[in-house]
Amino acid sequence: MDTSRPLIIGPSTGLEAPYPLQMEGKVIRGFGRGSKELGIPTANLPVDDNLTPWIADVKSGVYFGWVSLRLPPSHPNQPTTSSDTTTTTTTTAPEAHSGFSVYPMVMSIGYNQFYKNMVRSAEVHVLHEFGADSYGVEMRLLITGFIREEKDYTKLEALIEDINLDCDVARKSLDREAWALRETGKGTLDGSWLVRETAEQNRAVV
């Protein structure tokens, strides 16, 4: 483990500007390496400067925060009761009504220098085990902070070690009252955007 890296990001009092940042879209297929080579599955969102203007100005690297997924009824991880996701899913009425489940996440925005990607990508690792993939699922991100800059690696093992440390940093950083979501009943951070209903959902109810 790299002992020179901080294990908690940000002050205990809460987020600092420019955070939180928001990003949303439907999960697309990525490079297929997260699960196969790294053992760290990712859900990818398209990087579109028009839909997400701030992304053109942020530096490449690893970020952390919260993610919400609107899983279909057929998905094995679709919660049937609030107790199904006791530690990571919002248990309030908005979540139950909108169908979104909330989890902590760590994500990479960049070119992944180890694999020499030519296209910038946004790869999200949800800190929760899933029984199936989430392609096509609606996903929202509430990005709360920056962990580290993108690095190049000479060995795959070093990349995996850093990613695992990124996950630990994200968990520890979010496990504080000012960083945990109000909707989970464990914090004060406003996560209502993550579980709000869409216009499409409202039309379906009428």
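Above this text sits the structure in question.
Figured I'd write up the structure that's included with this text. (Residues numbered from 1 in each chain as written. Predicted model: local features only at pLDDT ≥ 70, side-chain atom pairs only at ≥ 80, totals over all residues. Heavy atoms only, no water.)

## Here's the deal with the side chain of Thr52
Then comes step 1: By secondary structure assignment, the location of Thr52 is in the loop between β2 (43-45) and β3 (61-70).
Then comes step 2: Residue Thr52 is classed as buried on the basis of its relative accessible area, which comes to 5%.
Then comes step 3: Residues contacting Thr52, with those up to four places away along its chain left out, are Gln22 and Met23. (Helix = DSSP H or I, 4+ residues; strand = E, 2+ residues; numbered from the N terminus. Buried < 20%, exposed > 50% of the residue type's maximum accessible area, 1.4 Å probe, protein only. Contact = heavy atoms within 4.5 Å.)

## Observations regarding the sheet that holds β2
Then comes step 1: Spatial ordering of the open sheet is given by β1-β6-β3-β4-β5-β2, a layout of six strands whose pairing is antiparallel. A strand with exactly one partner marks an edge of an open sheet, and here the two such strands are β1 (21-26) and β2. Adjacent strand axes in the sheet meet at a mean angle of 35 degrees, parallel and antiparallel pairs treated alike.
Then comes step 2: Examined bridge by bridge, β3 and strand β6 (residues 138-149) share 10 bridges and lie antiparallel to one another. Bridge assignment links Phe64 to a residue of β6, and that residue is Gly145. (Pairing = 2+ DSSP bridges. Axes fitted to C-alpha atoms, helices over the stretch in contact; angles between N-to-C directions.)

## Details of the nonpolar core
Then comes step 1: Phe64, Trp66, Val106, Ile147, Leu181 and Leu194 are the most contacted members of the largest nonpolar core, which totals 26 residues.
Then comes step 2: Mapped onto this core, the elements with two or more residues apiece are β3, β4 (101-110), β6, α3 (156-174) and α4 (192-195).
Then comes step 3: If you look at the next biggest cluster of nonpolar residues, it comprises 25 residues, including Tyr19, Leu21, Tyr103 and Val126. (Core = buried A, V, L, I, M, F, W, Y, C linked by side-chain atoms within 4.5 Å.)

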